[in-house]
Every structure is written in C-alpha cells, then in structure tokens.
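Below, each chain spelled out in residue letters.
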Amino acid sequence: TSAREAWHSCTTSLADVKELVPEFFYLPDFLRNDGGFELGVRQDHKRVGDVVLPMWARSADDFIAQHRRALESEHVSSHLHLWVDLIFGAKQQGQAAQEAHNVFFYLTYEGAVDLESVADPAEREALSTQIACFGQTPMQLFAAP
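All of these numbers come straight from a predicted model, not from anything done at the bench. (Residues numbered from 1 in each chain as written. Predicted model: local features only at pLDDT ≥ 70, side-chain atom pairs only at ≥ 80, totals over all residues. Heavy atoms only, no water.)

S.K.: Residues and numbers for a nonpolar patch on the surface, please.
M.R.: Judged by side-chain polarity, V17, F104, F105, Y106 and F134 come together as a nonpolar surface patch covering roughly 440 Å² of accessible area. Here F104 lies in the loop between α4 (94-99) and α5 (121-134). (Patch = residues over 30% accessible without salt bridge, like charges linked within 9 Å, V, L, I, M, F, W, Y side chains within 5 Å. Areas by Shrake-Rupley, 256 points an atom, 1.4 Å probe, with all protein chains shown as cover. Salt bridge = Lys/Arg side-chain N within 4 Å of Asp/Glu carboxyl O. Helix = DSSP H or I, 4+ residues; strand = E, 2+ residues; numbered from the N terminus.)

S.K.: Outline the pattern of salt bridges, listing residues and values.
M.R.: Tallied over the entire structure, the rule returns eight salt bridges. Residue R58 is joined to D62 by a salt bridge in which the shortest nitrogen-to-oxygen separation is 3.4 Å. D62 gets classed as buried once you look at its relative accessible area, which sits at 8%. Residue E72 is joined to R68 by a salt bridge in which the shortest nitrogen-to-oxygen separation is 3.1 Å. A residue is classified by how much of its surface remains accessible, and R68, at 41% relative accessible area, is partly exposed. Within this structure, D29, R32, D34 and D61 form a network of salt bridges that share partners. (Buried < 20%, exposed > 50% of the residue type's maximum accessible area, 1.4 Å probe, protein only.)

S.K.: Any details on the nonpolar core? Residues and values, ideally.
M.R.: The biggest cluster of nonpolar side chains holds seven residues, and these are F24, F25, L31, A57, A60, F63 and I64. Apart from residues no more than four positions distant in its own chain, I64 is found in contact with E23, F24, F25, Y26, L27, P28, F30 and L31. (Core = buried A, V, L, I, M, F, W, Y, C linked by side-chain atoms within 4.5 Å. Contact = heavy atoms within 4.5 Å.)

S.K.: With reference to specific residues and values, describe helix α3 (residues 74-88).
M.R.: If you check α3, its first and last C-alpha atoms are 22 Å apart, about what 15 residues at 1.5 Å a residue would give, namely 21 Å. A maximum bend of about 50° is found in α3 at L80. (Expected span 1.5 Å × (residues − 1). Bend = angle between axes of the 7 residues up to and from the residue.)

S.K.: Which residues make up the packing of aromatic side chains, and what values go with them?
M.R.: Per the counting criterion, the structure on display carries five aromatic pairs. Here the aromatic rings of F24 and F63 are separated by 6.3 Å at their centres, their planes lie at 55°, and the arrangement is tilted. Highlighted residues: F24 in the loop between α1 (3-12) and α2 (60-71) and F63 in helix α2, separated in sequence by 39 residues. Across the pair, F63 and F24 agree in class, each one buried. Taking 6.1 Å as the distance between ring centres and 85° as the angle between the ring planes, the aromatic pair formed by W83 and F88 counts as edge-to-face. Taking the relative accessible area as the measure of exposure, W83 reaches 45% and is therefore partly exposed. On the accessibility criterion, F88 (25% relative accessible area) is partly exposed. (Phe/Tyr/Trp six-rings, centres within 6.5 Å; stacked < 30°, edge-to-face > 60°.)

Laid out in structure tokens, this is it:
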C-alpha cells in the first residue's frame, strides 16, 4: 500500500478513517517489511510489502524525520489551538465541524446512542460491536473556540 493511496482514501471516503499514530514521528520500521513476511496480495494483484512512500521522501528514515521536523516546527506550535478545536472543541460537532470537514460517523460521538434503551439484543450487540471496532471521538471539552 502507498501513503498516497491511504491519504486519498481517507480524505475522500467517510468509510475510511486513519489515525496518525505516534510511530509516524519516530519509528520508520513500521513502514518497512524488513522481515520479508508474506503479507498477501491486494485486489489489484500487487503484492503487499513496504509502504510506498511519497516522492519527497528518500527513505522511511527520511519520511519519519520530515514528519518529526514538521511536528516540532514553529508553524505547528503556533497553530496547535486549532487542532484542539477540531478534536476537543467547538469544531468537533455541528455546523463548525461540517465547515471544517471534521465529521465522523454518528456512532463515534459520545452519547449518540443509549445502548440500554435498545430493546432488541441483536441490534444492541451490533451497535456495541460497531462502537468498539470503529472507535470513538473524544469527549467534547470546549463549546467555544
């Protein structure tokens, strides 16, 4: 799989959500299949192996180094409050979230469904499984920027 395909998929499909895990900033190993494991074949018949990196990255080590430099940059530090608004604040839900393209599947939001009030055990189990497997949006802590 490639970084480009993953980016395209998660920015064009509500069904594809990716998390930028800490490994993107310190561990190039997760981008390489150094063990030569048989990871299978994609639907387009391409073998799965190392992550195909963007052209601007010379290697997995360079990819990680550039991410870390960006994360530690003055630009990111001076805009951190905007990220807090997206994750925990006013742009997490409602019209502000829609305008910021920050909307997730309804079951990911805290309190979206009261599982105790779902009478059908199969439906309750299905909802519970979906919540557990898809993940949850953090609790909204701030209502205003």
